[in-house]
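# Structural overview
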Protein chains: 2
Amino acid sequence: MPDRRPRRPPYSIDVVLLTAVRGQLAVLLSRAPDGREKWALPWDAPRNNETMDAAAMRICKSTIEGEPGWKEQIGAFGDAKRHPSESNISVGFAGLIPAGTPTPVGGEHAWFPLSDVPGLSPRQRLILDAALGMVRSRMDQSPVAFRLLPQMFTLTELQQMYELLLAKRLHKASFRRALQGAWLVEPTDEWRSEGRGRPAQLYRYAPRKRRPAQRGIRLDLLLS
Amino acid sequence: MPDRRPRRPPYSIDVVLLTAVRGQLAVLLSRAPDGREKWALPWDAPRNNETMDAAAMRICKSTIEGEPGWKEQIGAFGDAKRHPSESNISVGFAGLIPAGTPTPVGGEHAWFPLSDVPGLSPRQRLILDAALGMVRSRMDQSPVAFRLLPQMFTLTELQQMYELLLAKRLHKASFRRALQGAWLVEPTDEWRSEGRGRPAQLYRYAPRKRRPAQRGIRLDLLLS
DNA sequence: GACATTAGTCACGATTGGCTACTAATTCGG
DNA sequence: CCGAATTAGTAGCCAATCGTGACTAATGTC
């Protein structure tokens, strides 16, 4: 029988908070008190009678002001990969924070661009990658791009967010025509002047449940 | 401090095996030895140093001959919902079994059409529903429909499988044109005569990595 | 051999999507 | 005050795609 210390939690909840900083996705990391890695995804053991969603939300609130506009479970991770807790498994969550309101609490938390993430424990690295995959694959089923933007945004900003998530340039006219057909946004009567050039109208996310969009299946996506 | 019995496993692995029986999806359930429900999703506690995938595969093999052609983790479930194990959380897996080879081991396992599933524990009911949602939503990213068919199949059978999963009629010519464009199947030189009518050519799943299929984004899917 | 039945294809018209080229409104530098 | 530069937003052409009905092909049944 292995020696099991009583303080090892049964499992952990790990949160991947994402936002956009200067045209790049960034993830929130917390300074790790001890152990091999200096930074780690925010995590905690669930408390008694606390649902996993509630625990994830509690962890979010302990690191930033406000709440994520979108949050979803990624899955369970374990398989003998090392983790700051010594639990056997961890349940990962992904959350999106609107750009422009990234205010980590104290100096214990900071945003790291995805291109510059420090070393994490193997299990947390898996969770981070899975969260990114989830966000990217859910783009056309959840309003993911909108949850990374403030409530009001210009169409150019929205397009740039799509380009960031898809890692692909989009054509302006085509993007706007698709947006028009999808009834996802509505214009406000505010405009924003960004340096030189014509001011841009501000829009808000306001999906109208019209046109069930019953186009055929897309078998071609199976290639990738 | 609550009284914790030592034999309570830290977590359980639950498997949702699906197949198609007479034009309906069916799920494999095991007879439950005791407890409030008579049938349950196959589950077990993971053994020492066993990955979650390995545990899920072991559970699959204990209930049917052969292996699922596709298997994926659904997520972690818990949140105080009751489960046959008394663990706090369960990790759900979905697996697909080709139609025509559904041979449950002994009399302890049986296929139940989805329209006729007996009462399950609340947590297992959640896992089953999530597995169905996952399979349906992954249709255009994983070869889900093909894994519910035998290795060789007619295009009409394939179309009927898609119709079953999408719960929607498809037009024959459109379906075949999309299939052609996606380079997913290749014809064999075998034919099958099914009673009256012209015999159908048999095909096999043979995806070719051609044409990255770089069409624009589909914002209209956000309506749901 | 006529007919019913199922497999498989063709081609027309409508819709969609990529793209170039345009107009509109502002700042900057004279 | 005026034109160049810059960014926002739109119009419309053309090719690719998609839904559809009608067609041909091959078999079993009577």
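Keep in mind the model is a prediction, meaning the values are calculated, not measured.

## Describing the interface of chain B and chain A
- Each side of the interface is counted separately: chain B has 38 residues, and chain A has 38 residues.
- Elements with a minimum of two residues in the side of chain B that touches chain A: strand 5 (70-77), strand 6 (89-96), helix 4 (155-166) and helix 5 (172-182) of chain B.
- The biggest single contributor to the side of chain B that touches chain A is helix 5 of chain B, with five residues.
- Of the residues contributing to the side of chain B that touches chain A, the split by class is 22 nonpolar, 10 polar and six charged.

## Here we look at the sheet that holds strand 8 (residues 152-154) of chain B
All names here are of chain B.
- In space, the three strands of this open sheet follow the order 8-10-9, with antiparallel pairing throughout. The open sheet terminates on both sides in strands that have one partner only, identified here as strand 8 and strand 9 (185-192). When strand polarity is set aside, the average angle formed by the axes of neighbouring strands in this sheet is 40 degrees.
- Pairing between strand 8 and strand 10 (residues 200-205): three bridges, direction antiparallel. Its bridge partner lying in strand 10, Met152 is registered against Arg204.
- Across the sheet, helix 4 touches strand 8 and strand 10, and the angle it forms with strand 8 is around 85 degrees.

## Description of the nonpolar core
- Formed by 101 residues in total, the largest nonpolar core has its most connected members in Val15, Val16 and Leu18 of chain A together with Val15, Val16 and Leu18 of chain B.
- Apart from the residues lying within four places of it in its own chain, the contact partners of Leu18 of chain B are Leu25, Ala26, Val27, Ala94, Leu96, Ile97 and Val135 of chain B.

## A word on helix 1 (residues 52-61) of chain A
- Buried residues of helix 1 of chain A: Met52, Ala55, Ala56, Ile59 and Cys60 of chain A, and no others. Along helix 1 of chain A, the residues classed as buried sweep out an arc of 140 degrees about the axis, all on the same side.
- Contacts from the buried residues of helix 1 of chain A go to strand 1 (11-21), strand 4 (43-44), strand 5 (70-77) and strand 6 (89-96) of chain A together with strand 5 of chain B.

## Structural notes on the relation of the copies chain B and chain A
- The transformation that overlays chain B on chain A combines an axial shift of 0.1 Å with a rotation of 180 degrees, and the residual RMSD is 0.1 Å. In the structure described here, the two chain copies are related by an operation that fits a two-fold rotation axis. Closest to the rotation axis within chain B is the C-alpha of Gly75 of chain B, separated from it by 2.1 Å.
- Residue by residue, 100% of the interface of chain B is reproduced at the interface of chain A, so both copies engage with the same surface.

## Describing unusual backbone geometry
Residues and elements named next belong to chain A.
- Although it is not a glycine, Asn49 sits at a positive phi angle of roughly 60 degrees.
- You will see that Trp183, though not glycine, has its phi angle at about 55 degrees, which is positive.
- Checked against the element boundaries, Trp183 lands in the loop between helix 5 (172-182) and strand 9 (185-192).

## Digging into the pairing of strand 6 of chain B
Residues and elements named next belong to chain B.
- Most of strand 6 is tucked away, with eight of its eight residues classed as buried.
- By the alternation rule, side chains of strand 6 split into Ile89, Val91, Phe93 and Gly95 and Ser90, Gly92, Ala94 and Leu96, which are all buried.
- Relative to strand 6, strand 1 (residues 11-21) runs parallel, the two being bridged by eight bridges. Bridge assignment links Tyr11 to a residue of strand 6, and that residue is Ile89.
- Alignment of strand 5 against strand 6, held across seven bridges, turns out to be antiparallel. Bridged to Gly75 within strand 6 is Gly92.

Reading guide: rules and limits
Residues numbered from 1 in each chain as written. Chains lettered and ligands numbered in written order. Predicted model: local features only at pLDDT ≥ 70, side-chain atom pairs only at ≥ 80, totals over all residues. Contact = placed C-beta atoms within 7 Å. Helix = DSSP H or I, 4+ residues; strand = E, 2+ residues; numbered from the N terminus. Nonpolar A, V, L, I, M, F, W, Y, C, P; charged D, E, K, R; others polar. Pairing = 2+ DSSP bridges. Axes fitted to C-alpha atoms, helices over the stretch in contact; angles between N-to-C directions. Core = buried A, V, L, I, M, F, W, Y, C linked by C-beta atoms within 7 Å. Buried ≥ 20, exposed ≤ 12 C-beta atoms within 10 Å, placed from the backbone. Arc of directions from axis to C-beta. Least-squares fit on C-alpha atoms with pLDDT ≥ 70 in both.

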